[in-house]
Amino acid sequence: DIQMTQSPSSLSASVGDRVTITCRASQGISNYLAWYQQQPGKVPKLLIYAASSLQSGVPSRFSGSGSGTDFTLTISSLQPEDVATYYCQKYNSAPPAFGQGTKVEIK
Amino acid sequence: QVQLVQSGSELKKPGASVKVSCKASGYTLTSYTLNWVRQAPGQGLEWMGWINTNTGNPTYAQDFTGRFVFSLDTSVSTAYLQISSLKAEDTAIYYCARGRGYSYGYSDVWGKGTTVTVSS
């Protein structure tokens, strides 16, 4: 099975900072990658699909990039409401595995 | 609006069974596939499998074979997850989520989750 590895596992940044989270696949997955946000105590929410397509209603400060094995989720200007755990998920083949998550906090 | 409405929290004893429901609202259940995802306390997201809502054919992830059953009742636009012979380690939040793209795909609409607690 293809493994998804996120880095870092957690980060702390200031409001307004640019934040970057990386997701690496153990084999190439083309652009079959999604990103989700899970705020504390809340339901996961789709942010990005097809590696770089922004889901409707998601703020434009979120963006995704990458193809093959290396992917990035960027928050261009961190806001207090962005405190959450972020997960990547590949869906090119079964099982559609999630990464282990990256916890984002405000410094 | 488009939503998945899940049944309420359950407290069960070890060895018992539980059936979680997931009702599609605002869209036709059979137009999209449905994924099931587990989140153990303090842990990440774990894909359990998916069900083809047109054929009713379920596919289970390797760790979810045997005691886990996905089913449908399209007449009431509802999907179900049944877990038998419950163990303490089944304690988790169980989410249903609408699949996009081919087969399981990614998930764009999530239910609020059903907390299943297994304790004697």
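Since this is a predicted model, take the numbers as computed values, not measurements.

Procedures and definitions
- Residues numbered from 1 in each chain as written.
- Chains lettered and ligands numbered in written order.
- Predicted model: local features only at pLDDT ≥ 70, side-chain atom pairs only at ≥ 80, totals over all residues.
- Heavy atoms only, no water.
- Disulfide = S-S within 2.5 Å.
- Helix = DSSP H or I, 4+ residues; strand = E, 2+ residues; numbered from the N terminus.
- Salt bridge = Lys/Arg side-chain N within 4 Å of Asp/Glu carboxyl O.
- Buried < 20%, exposed > 50% of the residue type's maximum accessible area, 1.4 Å probe, protein only.
- Phe/Tyr/Trp six-rings, centres within 6.5 Å; stacked < 30°, edge-to-face > 60°.
- Pairing = 2+ DSSP bridges.

Colleague: Any details on the state of the cysteines? Residues and values, ideally.
Modeller: All names here are of chain A. Taken as a whole and assessed by the stated rule, the structure comprises 2 disulfides over all chains. The residue that forms a disulfide with Cys 23 is Cys 88, at a sulfur-sulfur distance of 2.1 Å. Judged by the torsion about the S-S bond (70°), the Cys 23/Cys 88 disulfide is right-handed. Residue Cys 23 is located in strand β3 (residues 19-25), and its partner Cys 88 is located in strand β9 (residues 84-90); the two are separated by 65 residues in the primary sequence.

Colleague: Give me the lowdown on the pattern of salt bridges, citing residues and values where you can.
Modeller: Two side chains that carry opposite charge are able to pair once their charged atoms sit near each other. One pass over the full model with this rule turns up 9 salt bridges over all chains. The salt bridge partner of Asp82(A) is Arg61(A), with a shortest N-O separation of 2.7 Å. Remark: Arg61(A) occurs in the loop between β6 (53-54) and β7 (62-67) and Asp82(A) occurs in the loop between β8 (70-75) and β9; sequence separation between them is 21 residues. A relative accessible area of 1% means that Asp82(A) is categorised as buried. For Arg61(A), a relative accessible area of 18% gives the class buried. Between Arg100(B) and Asp108(B) there is a salt bridge whose closest N-O contact spans 3.0 Å. Take Asp108(B): its relative accessible area is 13%, and that puts it in the buried class. In this structure, a network of salt bridges that share partners links the residues Arg38(B), Glu46(B), Arg67(B) and Asp90(B).

Colleague: Describe in detail the packing of aromatic side chains, supporting the description with residues and values.
Modeller: Residue and element names in this part refer to chain B. Under the defined criterion, the tally for this structure stands at 13 aromatic pairs over all chains. Aromatic pair Tyr 60 and Phe 70: ring centres 4.5 Å apart, planes at 35°, arrangement tilted. Linking Tyr 60 in strand β6 (residues 58-60) with Phe 70 in strand β7 (residues 68-73), this pair joins segments that are 10 residues apart in sequence. Residue Tyr 60 is classed as partly exposed on the basis of its relative accessible area, which comes to 24%. Geometrically, the ring pair formed by Phe 64 and Phe 68 is edge-to-face, given 5.0 Å between the ring centres and 80° between the ring planes. Among the residues examined, Phe 64 registers a relative accessible area of 1% and is labelled buried. Assessed through its relative accessible area of 4%, Phe 68 is described here as buried.

Colleague: Describe the pairing of strand β4 (residues 33-39) of chain B, and please don't skip the residues or the numbers.
Modeller: Residues and elements named next belong to chain B. For β4, a buried count of 7 out of 7 residues is recorded, marking the element as mostly surrounded by other parts of the structure. Relative to strand β9 (residues 92-100), β4 runs antiparallel, the two being bridged by 7 bridges. Bridging across to β9, Gln 39 finds its partner in Ile 93. Sheet analysis places β4 next to strand β5 (residues 46-51), joined by 5 bridges and oriented antiparallel. The residue bridging Asn 35 from the neighbouring strand is Trp 50, located in β5. Taking the residues between adjacent antiparallel strands as the criterion, β4 and β5 are bridged by 6 residues, where Gly 42 takes a positive phi near 70°.

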